[in-house]
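What follows is the residue order along each chain.
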Amino acid sequence: MYKKITNIDVELLFTHAHQRELEKPNPVILDSIARAELYIANTFIHLKHEAIHALMLSTRSVLLESRPILTGKFSLKELTTNLLISHIIQANATRLILIHHNPKGNLSIKDKHLLEATRIKDRLLEYSIWLDDFFLITKADSNNNGYNRMNTTSLARLGLV
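Below you will find a few notes about this structure. Since the model is a prediction, treat every value here as computed from it, not as a measurement.

**Re unusual backbone geometry**
So, point 1. With phi around 65 degrees, Ser61 is a residue other than glycine that occupies positive phi space.
So, point 2. In this fold, Ser61 is placed in the loop between β3 (51-57) and β4 (63-71).
So, point 3. Here Ser61 falls in the buried class, since its relative accessible area comes to 8%.
So, point 4. The backbone of Asn92 shows a phi angle near 55 degrees, a positive value even though the residue is not glycine.

**Some thoughts on the nonpolar core**
So, point 1. With 24 residues, the main nonpolar core has Leu79, Leu84, Leu96, Leu98 and Leu124 as its most contacted residues.
So, point 2. Of all the secondary-structure elements, those providing two or more residues to this core are β3, β4, α3 (81-91), β5 (95-102), α4 (111-125) and β6 (130-140).
So, point 3. Among the elements that make up this core, the one with the highest residue count is α3 (four residues).
So, point 4. Counting residues in each nonpolar core, the second largest holds 12 residues, with Ala36, Phe44, Leu63 and Phe135 among its members.

**Some thoughts on the environment of Ile99**
So, point 1. The residue Ile99 is located in strand β5 in this model.
So, point 2. Not counting residues within four places of it along the chain, the set of residues in contact with Ile99 comprises Ile40, Phe44, Ala51, Ile52, His53, Leu55, Phe135 and Ile137.

How each quantity is defined
Residues numbered from 1 in each chain as written. Predicted model: local features only at pLDDT ≥ 70, side-chain atom pairs only at ≥ 80, totals over all residues. Heavy atoms only, no water. Helix = DSSP H or I, 4+ residues; strand = E, 2+ residues; numbered from the N terminus. Buried < 20%, exposed > 50% of the residue type's maximum accessible area, 1.4 Å probe, protein only. Core = buried A, V, L, I, M, F, W, Y, C linked by side-chain atoms within 4.5 Å. Contact = heavy atoms within 4.5 Å.

Functional significance is not addressed by these values, which are geometric in nature.
This is the structure in structure tokens:
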């Protein structure tokens, strides 16, 4: 897989070797569902508003960038392939993990999440981009120590993505 980058003077070839050069010196590797869940639990616990975030990964499952895709009040229909691809191209990513975070706690696995995840995965495969997982996150009640907890559901672990 490669991307052509045209320059006025020369035509460049963006390869996996170039992608490795963009990786940080101490990379976060999210090559398993357990590692991704741990990273998400440590990173997204403080968020207070509903949002969809994307973890942009390289071919070797190295985290290149994390960014919000949709925030505020939205419908899953607004999560279009073109929107995702524009963010993926900006991050030079080839893999993706989506996170639907709802701190109010009323998010559940419904048919619409499954259909949208399947639709997104199929559309991204047309562009040789792999959707690794789609996480649904809700805030759970505080436990006795007063710490915030999160309920995390991985659609890949359930065999749905």
